[in-house]
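# A look at the structure
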Amino acid sequence: MNMRKKLFLAFVLMGAFAQILIAAPASDGKYGLPVRQVAIQRVDAMPDLPSSYRMIDWKTKARGFDAYIFNWHNDGKLGPFIWLDDHRRNVNQTTFGLYTAVADVRQGPDHNNGEFHEALTSLSAILGAGLVGIDKTKQDGYNYVKMVQNYFNRDNGWNIMMNNTNPQVANLGGGYGRDWWYDVLPNALFYAVSDVFPGVNGADSIMRSIAEQFTKADSVLNGNYDYSYFDYGKMRGGRSQIPYQQDAAGGHAYVLLCAYHKFGDRRYLLHSERAIEALLSQKESRFYEALLPLGAYTAAYLNATQGKHYDVGKLLDWVFDGCKSPTGRTGWGIITGKWGKYDVSGLQGSTTDNGGYAFLMNSIKPLWPFVPLVKYAPQYAVAIGKWVLNDASACRLFFPGYIDENNQWASEYKNVTGNQIAYEGLRKADDYGMHWLQNVSPVAIGDGPKWIAGNPTLSMFSVYSTAPIGILGGIVDTTDVRGILRLDCNATDFYAARAYPAYLIYNPYSMEKSITWKSSNICDLFDVVAKEYVARDLRPGQRITIPAKGARVVYELPVGTKVRLKDGRIIAGRDNVILYGSSSRK
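Overview of the structure. The numbering scheme is per chain: residues are counted from 1 as the chain's sequence reads. Totals for whole chains, interfaces and linings use all residues, but because this is a predicted model, local features are given only for residues with pLDDT of at least 70 and pairs of side-chain atoms are given and counted only at 80 or more. To obtain the side-chain values, all non-hydrogen atoms of the structure were used and water was disregarded.

### Brief notes about a nonpolar patch on the surface
Selection rule: Patch definition: residues with relative accessible area over 30% and no salt bridge; like charges joined within 9 Å; nonpolar side chains (Val, Leu, Ile, Met, Phe, Trp, Tyr) joined within 5 Å. In short, Shrake-Rupley with a 1.4 Å probe defines the accessible areas, and a residue's cover is counted only from the protein chains shown. What counts as a salt bridge is simple: a side-chain nitrogen of Lys or Arg found within 4 Å of a carboxyl oxygen of Asp or Glu. Strands are runs of DSSP state E lasting at least 2 residues, helices are runs of H or I lasting at least 4, and numbering of each runs from the N terminus. The buried label applies to any residue whose accessible area, calculated with a 1.4 Å probe on protein chains only, is under 20% of its type's maximum; exposed applies above 50%, and partly exposed to all values in between.
Residues Val-105, Trp-451 and Ile-452 make up a contiguous nonpolar surface patch of roughly 220 Å² in combined accessible area. Within the element layout of this structure, Val-105 appears in the loop between β2 (95-98) and α4 (119-131). Judged by its relative accessible area of 33%, Val-105 is partly exposed.

### Comments concerning the side chain of Ser-52
The line we're drawing: It only takes one pair of heavy atoms within 4.5 Å for two residues to be counted as in contact.
One can find Ser-52 in the loop between α2 (41-44) and α3 (58-69). Since its relative accessible area comes to 14%, Ser-52 is described here as buried. What Ser-52 contacts, discounting residues up to four positions off in sequence, is Lys-341, Tyr-342, Asp-343, Ser-393 and Arg-396.

### Topic: unusual backbone geometry
In the segment running from Ser-441 into Pro-442, the intervening peptide bond is cis, with an omega of -5 degrees. Checked against the element boundaries, Pro-442 lands in the loop between β11 (425-427) and β12 (443-445). Within the chain, Asp-140 stands out as a residue other than glycine whose phi angle is a positive 55 degrees. Tracing the chain through its elements places Asp-140 in the loop between α4 and α5 (144-147). Among the residues examined, Asp-140 registers a relative accessible area of 54% and is labelled exposed. The backbone of Met-235 shows a phi angle near 55 degrees, a positive value even though the residue is not glycine. Topologically, Met-235 is positioned in the loop between β3 (229-231) and β4 (236-238). On the basis of relative accessibility, which here comes to 16%, the residue Met-235 falls in the buried class.

### Concerning the sheet that holds strand β15 (residues 485-488)
The following threshold applies: Strand pairing requires that DSSP identify at least two bridges connecting the strands. Between the N-to-C directions of two axes lies an angle of 0 to 180 degrees, each axis being a line fitted to C-alpha atoms and, for a helix, fitted only over the stretch in contact.
What the 6 strands build is an open sheet, ordered β14-β15-β16-β21-β18-β19; its pairing is antiparallel. The open sheet terminates on both sides in strands that have one partner only, identified here as β14 (476-478) and β19 (532-538). Strand-to-strand twist of the sheet, defined as the mean angle between neighbouring strand axes without regard to direction, takes the value 25 degrees. In this sheet, strand β16 (residues 502-506) lies alongside β15 in antiparallel orientation, the contact comprising 3 bridges. When the sheet's bridge partners are listed, Leu-487 is paired in β16 with Leu-504. Strands β14, β15, β16 and β21 (551-558) of the sheet are contacted by helix α14 (residues 381-394), whose axis makes an angle of about 75 degrees with β16.

Given below as structure tokens:
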């Protein structure tokens, strides 16, 4: 055989081999037209692929954080970050405390009777650990999931989860009983934790009480959430110098939707809907801290499953564009742009405070509702995928090991926690007035030294802010193509139907890309955005294609699973809905 024939045969074989390795979409159009993508204007301003992009292994990071924080025998310079609290508030059991910030002088077993610790830290840490596969019900001889129930404030008559175990320590910090989001978010976290760790003794009765209290509160509020806080004991709203937090309605709606899933009581569903309607009745964004994204998810879910027509796009715009009202938390939203040599698009915080101030906790927690949202509103798959790519890359900048020491306020302490605990925030410019940071941007920083006289520089490093990194670890996975992530849409879709694995995959490139599909079994893949099979009988090691600057929401189905179109819905297997009706702007 001459050389020309050999070359020709080689090219033919290579082409055949490529066809075997890259599974071609199998579509005959019988499932309808692809879902038209809807833009989020603020996300459009972000780079498709950040120039300073770097994706760390968030799952490994979260596991390392758990091992470090829950180490009772930590022999490092700072000692343990955890202690026992045997005051038995609310529940007759010993609980535990975690530091809010490193070396916080208000905390630990020898300060304030060891009772000043925060539910937002403990619940976030437990949730994050669970999402990366750590069993917190039996770790080192402790059931941390049971122990955290002491934050259920029965003794004060509120009968909900709160940020502290009692009012005596509440004025030391945080917003117990006076800052609405502080009293709502622990309940959303508790429901999430109880889904990850079901069956813990006492959890169901606490969840039922929370649902009843939120139902009563929504009835009393009757669509008017114009309050700074709400007294769940006296069932009345309160106003103070703190801006009104109408987005608490989003937190109510989310918790009550979870309660409806859990208990099947249609009152909870009704009041979830009423709370969303109260949220949407606002004339402008009232985004305050962390609850509005939960409302956006709830609205999308109710549209898909209950036939509602809530304007999810408006809620998403209110999150990303942020609050612009002078009577609200002005400037609170999603940051875009580049500070110095670092892309910071996607982070959440103040867009206006001294040029911008991002917070790690707030940058992580929107992934919890936004990634599963695309299952119910796949028209936002590209926008959410692009936002996560930017956000998950930029979140590393809070850790001293992933940002230049010249961009750190306390670089002399960068190795103290072994890169396990992050700075609380990332500022565009230093606000402490330190001469060596003039014209430096960004600056990894924290507010700890401002909280109380005597708090050391080390308190810039925040356990509270780092605690939820398991949300990143449970959702974000890389592929074999740089910049293309595989996001687990089921990881934080708590209490909802999760019959099959579901993933959001966004391609930031201007050309089609192929990725190797990670699976231990042969499977079929169906994309509800394109409304087509991506592959059938896909074997481990084979590749699938992702369209240029496009996204797929892929369901991984057992081989041979029947997929059919019925009444506008796409149903897999016997009765598992994987696409709910038509998708529009709302």
